[in-house]
Amino acid sequence: MAKFAPDSTIDGMLEQIALADEMYVTDSQPTSYADLGDSVAVLAGPISLTPGDGNGDFVIGDGDVSGRKVTVAAQNGATVVATGDATHVVLATGGSTDVLRYVTTCTQQTLTQGNTVNVGEWGVEVADPT
Amino acid sequence: MPDQAVTPTVSVVVMAHPKRQEFVPELLASLDRDAEVVWDQRNDRWDTGRRAWQAIDRSASHGLVVQDDAIVCRDLVAGVEKALAHAPAKTPLCLYCGRVRPYRTLVEQLVERADHGRASWLTMTGLHWGVGIVLPVEFIDPMIAWADQRPDIANYDRRISRWLDHQGIRTWYPWPSLVDHRDSPSLVPGRGSAGRRAHRFAGADVSALDLRWDGSVVTIPALNIPEGPAPGMKGKPPVKFVSLKYPNLAVPSINVRFRPVTTVDGVEVGVADVTARGAIAHLQSPWMRRRGVALADEVDLEFADSPGAGQKSSPEPTAGVTSPPDGPPPAGPAGDVLAWVGDDPDRARRALEAEQARARPRTSLVAKLGKLAGPTTHDLTPASVTHTTTAAEV
């Protein structure tokens, strides 16, 4: 007998991530949407994303190792709105919803206001239970 | 200079939810025009919003939909009509600019920097608050048709914003805001009332007719604008603009950079071919006109041939286009480097690379060269993450 999680169960988490319609590049880690632009400096964004699996910016599929994975498409040409050291990339749902979806780190780099930034493709994988 | 072809007229509708019906009589009394009230029928913000927009009188030039929890300044509708006369034609207005979003610090910094705080407008891509929205009436039907197909976007204001993004249209925000939120909780699940206040509200006792709209326009460069022509403009030729004062003018917020070109009369101006509808509207704003930006067709200039330049005639290639820089940048004092660079972005980039390659780059020179070089692109690499779901056995 082995532990087992159906794909649909794992996809539940990944689909929540794929609901994001905004991406931000920040100088530290937010813990809520309200942190953005307040205690956490927004260096680029909001970069508009198209939410939902297969709609353009998110693809949910099999994981590289096991389980499932959501891949977030690269976003190119976003305007750097403030100078600072980029350390985190944030997914969120904005509008009147204001929900933080996911935060990852990035290789630290100093961004300069007025420049543009390309955010490479990345992903979140949830492995099968072992 | 008014950009509107006709005197703007505004039809106003209130969208309301039964949970906040006690606010509605006061709101109606504070408006300077009669307004129809469109009630929420099934707790569906988009359904209410679309019916409100459909209720706009199409004989007006613009529609204004106000939400039930709005506090408005006096003479709101007449003031909006006055304000619209100072905005580019076919421009949406968002009458409220809030404080809780990521723009908080940015708005404060840019408004203070611009014209010593004497700004009349903010512009940004995206329409971020739905409490008071003004749209040209011809936007209403295509906006609804598009937004009806996007049930994945729950928010009323976000659907409208997304449509504007798709059209490449920037939103203008009157500064100060003409509308504020009541101190009441949002009806959106999970949101309270904290921070739902305008960044700077004109005031409920202030007449919108007493405000001036000929101050500076502050561009909030917070969003990336989609590249290329907007839907419906596919295949149309780009619109050519000239920058008469600043040949190397760059407008990063709309991704436009002018190229220096010399006319056959020896005058150096900047030219740019622009396709994005929002960028075209921005470059025709009064603010840009004051900076010397004009449609190429409006000025009597004849350009020497160059790739992308706006040739009026001159079938034979002629000299006069700015030559590419030659030779390495000087290695001497900062003044020599800056003199060699002039206002040429290419030379600035080359000088910047050379300076940064030094063992001890001169900080102030790097900063100056960075400004002259204009935008560069950073490449970020986010970390991919793997969650391992190890089941603990007990």
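Preceding this section is the structure that the text describes.
First, a word on scope: everything that follows refers to the structure included in this document.

What counts as what
- Counting restarts for each chain: residues are numbered from 1 in the order of the written sequence.
- As a convention, the first chain written is A and the first ligand written is 1, with the rest following in written order.
- Selection of residues for local features in this predicted model requires a pLDDT of at least 70, selection of side-chain atom pairs for listing and counting requires 80 or more, and totals for whole chains, interfaces and linings are taken over all residues.
- Computation of side-chain values covers all heavy atoms of the structure but excludes hydrogens and water.
- Elements are defined by DSSP. Helices are runs of H or I of four residues or more, strands are runs of E of two residues or more, and each kind is numbered from the N terminus.
- Categorising residues by exposure relies on relative accessible area from a 1.4 Å probe, with only protein chains included: less than 20% of the type maximum marks a residue as buried, more than 50% marks it as exposed, and the intermediate range marks it as partly exposed.
- Contacts between residues were defined by any pair of non-hydrogen atoms, one from each residue, lying within 4.5 Å.
- Here, a strand pair is defined by DSSP locating no fewer than two bridges between the strands.
- A fitted line through C-alpha atoms serves as each axis, taken over the contacting stretch for helices, and the angle formed by two N-to-C directions is quoted from 0 to 180°.
- Put simply, a salt bridge is a Lys or Arg side-chain nitrogen that is within 4 Å of an Asp or Glu carboxyl oxygen.
- Each Phe, Tyr or Trp ring (for Trp, its six-membered ring) is paired with any other whose centre lies within 6.5 Å, and the angle between the two planes then decides the class: stacked below 30 degrees, edge-to-face above 60, tilted in between.
- To estimate how far a helix should extend, the number of its residues minus one is multiplied by 1.5 Å.
- Each angle is binned into one of four classes, with values under 35 degrees roughly parallel, values over 145 roughly antiparallel, values of 65 to 115 roughly perpendicular, and all other values oblique.
- Throughout, a crossing is termed right-handed when the near helix is turned clockwise from the far one, and left-handed when it is turned anticlockwise from it by less than a right angle.

Overview of the overall build of chain A
Secondary structure summary: chain A contains one helix and nine strands in total. For chain A, the sequential pattern of α-helices and β-strands runs α-β-β-β-β-β-β-β-β-β. The burial tally for chain A puts 58% of its 130 residues in the buried class. Residue pairs at least 24 apart in sequence account for 68% of intrachain contacts in chain A once pairs closer than 6 positions are excluded.

As for the sheet that holds strand 16 (residues 293-295) of chain B
Residue and element names in this part refer to chain B. Strands sit in the order 14-15-11-16 across an open sheet of four strands; the sheet is antiparallel. With one partner strand each, in any of the chains shown, strand 14 (259-262) and strand 16 form the two edges of the open sheet. Along the sheet, successive strands turn relative to each other by an average axial angle of 35°, direction set aside. For strand 14 and strand 15 (residues 268-274), the ladder comprises four bridges, and the chain directions are antiparallel. Counted as the bridge partner of valine 261 is valine 269 from strand 15.

Let's talk about the pattern of salt bridges
Inspection of the entire model under this criterion finds 21 salt bridges over all chains. Measuring nitrogen to oxygen at the nearest pair gives 2.8 Å for the salt bridge that ties aspartate 11 of chain A to arginine 68 of chain A. Within this pair, whereas aspartate 11 of chain A is found in helix 1 (residues 7-17), its partner arginine 68 of chain A is found in strand 4 (residues 68-72), the two being separated by 57 residues in sequence. Assigned by exposure class, aspartate 11 of chain A and arginine 68 of chain A land together as buried. In this structure, the salt-bridge partner of aspartate 68 of chain B is arginine 20 of chain B, at a minimum N-O distance of 2.8 Å. Highlighted residues: aspartate 68 of chain B in the loop between strand 3 (62-67) and strand 4 (70-72) and arginine 20 of chain B in the loop between strand 1 (10-16) and helix 1 (24-30), separated in sequence by 48 residues. Residue classification places aspartate 68 of chain B among the buried residues on the basis of a relative accessible area of 2%. According to the relative accessible area criterion, arginine 20 of chain B is buried, its value standing at 10%.

Concerning the packing of aromatic side chains
In the structure shown here, the tally under the stated rule is eight aromatic pairs over all chains. A ring pair is formed by tyrosine 102 of chain A and tryptophan 122 of chain A, whose centres lie 6.2 Å apart and whose planes are at 40°; its orientation type is tilted. Here tyrosine 102 of chain A is found in strand 7 (residues 99-111), whereas its partner tryptophan 122 of chain A is found in strand 9 (residues 122-126), with 20 residues between them in sequence. The exposure classification of tyrosine 102 of chain A matches that of tryptophan 122 of chain A, with both residues buried. For the ring pair phenylalanine 139 of chain B and tryptophan 163 of chain B, a centre distance of 5.4 Å and an interplane angle of 65° mean the geometry is edge-to-face. Here phenylalanine 139 of chain B, found in helix 5 (residues 137-147), pairs with tryptophan 163 of chain B, found in helix 6 (residues 156-167); they are 24 residues apart in sequence, far enough to count as distant. In terms of burial, phenylalanine 139 of chain B and tryptophan 163 of chain B fall into one category: buried. One aromatic cluster in this structure is built from Tyr96, Trp129 and Tyr173 of chain B.

Examining the sheet that holds strand 7 of chain A
Residue and element names in this part refer to chain A. Across the sheet, four strands lie side by side as 2-1-6-7; this open sheet has antiparallel pairing. Looking at strand neighbours, the two that pair on one side only are strand 2 (42-48) and strand 7, the edges of this open sheet. Along the sheet, successive strands turn relative to each other by an average axial angle of 15°, direction set aside. Pairing between strand 1 (residues 22-26) and strand 6 (residues 84-93): five bridges, direction antiparallel. Across the sheet, residue tyrosine 24 finds its bridge partner in strand 6, namely valine 90.

Concerning the environment of isoleucine 153 of chain B
Residue and element names in this part refer to chain B. Considering the arrangement of structural elements, one finds isoleucine 153 in the loop between helix 5 and helix 6. Isoleucine 153 sits in the buried class, given a relative accessible area of 5%. Distance in space between the C-alpha atoms of isoleucine 153 and tryptophan 46 is 9.2 Å, their sequence separation being 107 residues. If we ignore the near neighbours within four places in the chain, the residues touching isoleucine 153 are Trp146, Arg158, Arg159 and Arg162.

Here we look at the environment of alanine 34 of chain A
Structurally, the position occupied by alanine 34 of chain A is in the loop between strand 1 and strand 2. In this structure, the C-alpha to C-alpha distance between alanine 34 of chain A and valine 99 of chain A, residues 65 residues apart in sequence, is 8.7 Å.

Overview of unusual backbone geometry
A cis amide bond links glycine 45 of chain A to the next residue, proline 46 of chain A, at an omega of 5°. Here proline 46 of chain A shows up in strand 2. That bond from tryptophan 175 of chain B to proline 176 of chain B is cis: its omega, 10°, falls within 30 degrees of zero. Checked against the element boundaries, proline 176 of chain B lands in the loop between strand 8 (170-174) and strand 9 (179-181). Phi at asparagine 43 of chain B is positive, roughly 55°, even though this residue is not glycine. Topologically, asparagine 43 of chain B is positioned in the loop between strand 2 (36-39) and helix 2 (45-54). Judged by relative accessible area, asparagine 43 of chain B falls into the exposed class, the value being 60%. Unusually for a residue other than glycine, aspartate 75 of chain B sits at a positive phi of about 55°. As for its position among the elements, aspartate 75 of chain B is in the loop between strand 4 and helix 3 (76-84).

What about helix 6 of chain B?
Residue and element names in this part refer to chain B. For helix 6, spanning twelve residues, the distance from its first C-alpha to its last is 17 Å, which sits close to the expected 16 Å at 1.5 Å a residue. Counting buried positions along helix 6 gives eleven out of twelve residues, so the element sits mostly inside the fold. Among all positions in helix 6, only Tyr156, Asp157, Arg158, Arg159, Ile160, Ser161, Arg162, Trp163, Leu164, Asp165 and Gln167 are buried. Downstream of helix 6 by one or two residues, glycine 168 has phi in the positive range, about 70°.

Some details on the packing of helix 10 (residues 345-356) of chain B against helix 11 (residues 363-373) of chain B
The description of two helices packed together rests on the angle between their axes and the distance between the axes. Residue and element names in this part refer to chain B. It is at 8 Å that the axes of helix 10 and helix 11 come closest, and there the two elements cross at 150°. When the axes of helix 10 and helix 11 are compared, the pair comes out roughly antiparallel. Judged by the sense of rotation from one axis to the other, the crossing of helix 10 with helix 11 is left-handed. Taking contact as the criterion, the partners of Pro345, Ala348, Arg349, Ala351, Leu352, Glu355 and Gln356 in helix 10 are, on helix 11, Leu365, Val366, Leu369, Gly370, Leu372 and Ala373.

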